[in-house]
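Structural characterization, general
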Amino acid sequence: MSFSDRSSGRRRTAHAARTALGASALALTLLTTAACGPDNSSADTAVTAGAGAAPNIGLPANLEDLKKWKFDDWEKWAKDYALPAAAKGFWTLDKLLKAKPNEPLPPPPAPPAAPAQPTQAPAQPSQPAQPSQPAKPAQPSQPAQPGQPTAPGAPTAPATTPGKPPAGQPTQPGHPTPPPAPPKPSNTQQPASQAPAPPAQPTQAPAQPSQPPAAPAQPTQAPAQPPAQPAQPPAQPAQPADNGNDPLPKTVNAQPVPHPYTKVAVHGKLFADAPGSGAEAAAGLSHYQCSATVVADPAHPGKSNLVWTAGHCIHQGKGGKYFSNISFIPAFNSTGALSGGKQAEEAQYAPLGIWNATQAVTSPQWKAEGGDGGSPATQYDFAIIRVQPGEGGKSLEETVGGAVPVWFNAPREQLSITEYGYPAAPPFDGMELNRCESGRPTRLSYDPARPPMHAIGCTMTGGSSGGGWLAVKDGKPALVSNVSVGQHTGDPKFQAGPYLDDVAAGAYDFISKKG
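All of these numbers come straight from a predicted model, not from anything done at the bench. (Residues numbered from 1 in each chain as written. Predicted model: local features only at pLDDT ≥ 70, side-chain atom pairs only at ≥ 80, totals over all residues. Heavy atoms only, no water.)

**Regarding the side chain of Lys269**
Formally: Helix and strand definitions here come from DSSP, where helices need a minimum of 4 consecutive H or I residues and strands a minimum of 2 consecutive E residues; each element is numbered from the N-terminal end. Each residue is placed in one exposure class: buried if its accessible area under a 1.4 Å probe, protein chains only, is under 20% of its type's maximum, exposed if it is over 50%, and partly exposed if it falls in between. Positive: Lys, Arg. Negative: Asp, Glu. His and the chain ends are not part of the count. In the sections that follow, a salt bridge refers to a side-chain nitrogen of Lys or Arg positioned within 4 Å of a carboxyl oxygen of Asp or Glu. Whenever two N or O atoms come within 3.5 Å, that pair is a polar contact, provided that in protein one can donate a hydrogen and the other can accept it, and provided that, for residues adjacent in sequence, both atoms are side-chain atoms.
Relative to the helices and strands, Lys269 resides in strand 3 (residues 267–273). Buried and unpaired, Lys269 has no salt bridge, with Asp429 as the nearest side chain of opposite charge at 7.5 Å. Here the side chain of Lys269 touches Gln289 through a polar contact of 2.3 Å, side chain to side chain. In terms of polar contacts, Lys269 uses its side chain to reach the backbone carbonyl oxygen of Gly430, at 2.8 Å.

**Comments concerning the state of the cysteines**
What counts here: Cysteine sulfur pairs qualify as disulfides if the two atoms are within 2.5 Å.
Taken as a whole and judged by the stated rule, the model has two disulfides. Note that Cys290 is cross-linked by a disulfide to Cys313, the S-S spacing being 2.1 Å. Looking down the S-S bond of the Cys290 and Cys313 bridge, the torsion is -85°, so its handedness is left-handed. In this pair, Cys290 is assigned in strand 4 (residues 287–295) and Cys313 in the loop between strand 5 (306–309) and strand 6 (324–330), connecting sequence segments 23 residues apart. Take Cys290: its relative accessible area is 2%, and that puts it in the buried class. The disulfide bridge from Cys436 ends at Cys458, spanning 2.1 Å between sulfur atoms. Handedness here is read from the sign of the S-S torsion; for Cys436 and Cys458, about 75°, the answer is right-handed.

**Here we look at the sheet that holds strand 13 (residues 468–473)**
Let me state the cut-off plainly: Pairing between two strands is assigned when DSSP locates at least 2 bridges connecting them.
Sheet architecture is open: five strands sit in the order 2-10-9-13-14, paired in antiparallel fashion. Edge positions in the sheet fall to strand 2 (255–256) and strand 14 (476–482), since each has one partner strand and no second.

**Quick look at unusual backbone geometry**
Residue His259 is joined to Pro260 through a cis peptide bond whose omega torsion reads -10°. Take Pro260: it is sitting in the loop between strand 2 and strand 3. The amide bond that connects Asp491 to the next residue, Pro492, takes the cis arrangement and shows omega of 5°. Notably, Asn243 is not glycine yet its phi reads approximately 60°, a positive angle. By the secondary structure assignment, Asn243 is in the loop between helix 12 (211–235) and strand 2. Assessed through its relative accessible area of 9%, Asn243 is described here as buried.

**Observations regarding the sheet that holds strand 15 (residues 485–487)**
Applied cut-off: Each axis is a line fitted through C-alpha atoms, and for a helix only the stretch in contact is used; angles between axes span 0 to 180 degrees, taken between their N-to-C directions.
Pairing in this open sheet of four strands is antiparallel, and the strands run 11-12-16-15 from one edge to the other. Two strands lie at the open edges of the sheet, namely strand 11 (442–444) and strand 15, each paired on one side alone. Strand-to-strand, the axes of this sheet are offset by a mean angle of 30°, without reference to chain direction. Taken together, the three bridges between strand 11 and strand 12 (residues 453–457) define a ladder with antiparallel strand orientation. In the sheet register, Arg443 faces strand 12, and the bridge partner there is His454.

**Things to note about the pattern of salt bridges**
With the rule as written, the count across this model stands at 12 salt bridges. Its salt-bridge partner being Glu369, residue Arg450 comes within 3.0 Å of it at the nearest N-O pair. One end of the pair, Arg450, is in the loop between strand 11 and strand 12; the other, Glu369, is in helix 15 (residues 364–369), and 81 residues separate them in sequence. Residue Lys513 pairs with Asp509 through a salt bridge whose shortest N-O separation is 3.2 Å. Highlighted residues: Lys513 and Asp509, both in helix 17 (residues 502–514), separated by four residues, approximately one helical turn. For Asp509, a relative accessible area of 31% corresponds to the partly exposed category.

**Details of the pairing of strand 8 (residues 383–387)**
The side chains of a regular strand alternate between the sheet's two faces. When you tally the buried positions in strand 8, you get five out of five residues, the bulk of the element. Neither face of strand 8 is open: one carries Ala383, Ile385 and Val387, the other Ile384 and Arg386, and all of them are buried. In this sheet, strand 8 lies alongside strand 5 in antiparallel orientation, the contact comprising four bridges. Within strand 8, the position partnered with Thr309 by the bridge is Ala383.

**A short note on helix 17**
To be explicit about the condition: Given the number of residues in a helix, its expected span is that number minus one, multiplied by 1.5 Å.
For helix 17, spanning 13 residues, the distance from its first C-alpha to its last is 18 Å, which sits close to the expected 18 Å at 1.5 Å a residue. Every buried residue of helix 17 is listed here: Val503, Ala504, Gly506, Ala507, Tyr508, Phe510, Ile511 and Ser512. Its side-chain oxygen at 3.0 Å from the backbone nitrogen of Val503, Asp501 defines the N-terminal cap of helix 17.

**Points about the packing of aromatic side chains**
Threshold: Between 30 and 60 degrees the pair is tilted, below 30 it is stacked and above 60 it is edge-to-face, where a pair is any two Phe, Tyr or Trp rings, Trp via its six-membered ring, whose centres lie within 6.5 Å. Comment: the charge-over-ring label is applied if NZ (Lys) or CZ (Arg) is within 6 Å of the ring centre and within 35 degrees of the ring normal.
Summed over all chains, the structure comprises 13 aromatic pairs. Taken together, a centroid distance of 6.4 Å and an interplanar angle of 75° make the contact between Tyr261 and Tyr422 edge-to-face. Of the two residues, Tyr261 is situated in the loop between strand 2 and strand 3 and Tyr422 in the loop between strand 9 (417–421) and strand 10 (434–439); the sequence distance between them amounts to 161 residues. For Tyr261, a relative accessible area of 0% translates into the label buried. The buried category is assigned to Tyr422, whose relative accessible area is 0%. Three or more aromatic residues joined by ring pairs form one cluster here, namely Phe90, Trp91, Tyr261, Phe271, Phe332, Tyr349 and Tyr422. Cation over ring: Lys100 sits above Tyr288, and NZ or CZ is 4.6 Å from the ring centre.

Below, the structure written as structure tokens:
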């Protein structure tokens with residue numbers, strides 16, 4: 001059901017790099033960073049040293065703080081954004097044709113989240129087992145206190161269990177399974193806790209006649225409420241009843257875009273070499289291909305050199321490194337010169353040139369947590385690269401004839417998505433630009449504490465990773481996501497991409513200003 005056909009070479013190199021950082025190291029990193037931005041504490045330095053050449057991957061303790069990062073915070077964290085450009089002529093036709101498709105990551109099994117709730121639900125019904133206490137009628141002396149057995153019996157459980165989970169949720173956004181279950185029982189048991197509330201009020205009523213003692217009693221309650229209120233807001237942000245998952249979208253068949261690709265030249269192929277060593281690297285087995293899209297540059301309007309793609313297309317994720325020799329070919333094979341197994345010259349299959357990346361940035365979540373399999377990091381699986389200007393300083397946007405703006409925090413109900421990409425795994429061969437007119441997306445989530453991904457029906461395969469998802473805003477196309485997760489076996493066949501929120505906007509703003 002998932003993309004199990006990813007190349008063994010990439011698995012081994014990625015796995016070797018990722019294992020350098022264990023779960024404990026990541027936890028240490030998350031706990032030792034400042035809330036306002038990344039820090040350079042000794043703990044972070046130790047984690048970096050353990051990863052070899054990996055940069056400081058310190059993250060703030062919660063997502064809301066990360067969304068507030070300013071330019072200086074991003075610059076402090078993204079120390080390795082500058083990349084050596086590929087040598088001129090590095091990407092020969094032979095290397096391009098041998099490049100393996102970088103597979104979209106396998107989707108998460110959605111069902112497991114649901115069973116977690118029922119297991120906790122029956123735990124509370126087990127409380128009725130307390131009727132075993134009424135079964136002890138041998139204590140008739142207690143009937144004189146009929147109200148006490150019922151009142152303490154119901155409220156005691158809700159007072160302890162629902163109170164603690166909300167406090168823990170904001171500090172552990174990456175562990176969604178326990179939090180969703182407690183809110184449900186707490187809601188069902190609140191009425192029981194409200195029942196004894198009336199007797200609590202009469203006790204305050206007599207306290208009012210004696211105004212001196214009543215006054216101190218109220219201040220003690222007033223301070224008690226403020227701490228309770230701040231605890232609730234952070235607990236509310238990510239507790240969707242469905243864990244952020246909708247039914248999977250229906251399959252939509254990919255359609256080849258007619259040649260030439262003049263009107264859609266902003267879409268192209270991205271090539272890169274995965275970090276590696278030994279025989280595989282020597283044999284040229286580290287070449288990979290993805291898809292990407294030219295996006296506008298707010299700091300350089302009309303002259304953008306920015307390209308949007310997936311994080312897993314340019315960086316290994318947790319404990320890993322950036323890929324090398326990252327190059328973008330807009331409108332690849334626009335005229336069909338390579339279609340059908342034909343051979344062609346560079347000017348034919350790369351009519352708008354080969355553009356080498358010199359800068360790159362991906363999300364802190366992908367860099368610190370990402371890997372081969374699905375995880376909450378996939379909900380932030382995006383990247384932006386900057387390429388060298390062309391001859392005479394001509395920009396990529398000027399050469400291609402346009403660039404797509406990025407729509408952050410786009411309202412889901414307003415989206416009708418068309419995906420573009422170069423699928424290269426069977427039954428496709430990577431030579432043709434395809435599109436899926438998929439319509440309104442559904443939601444797919446690994447972690448309900450993070451924005452759910454967009455999911456659309458599409459039959460594209462490996463190689464389409466990073467491909468741009470466009471929707472219409474103000475009458476013009478805008479980029480709202482990219483291919484990250486995919487399933488091309490069974491039914492339905494679908495793909496999913498990150499919801500671009502303030503974290504994505506911060507990374508975009510950073511690399512725009514660095515140019």
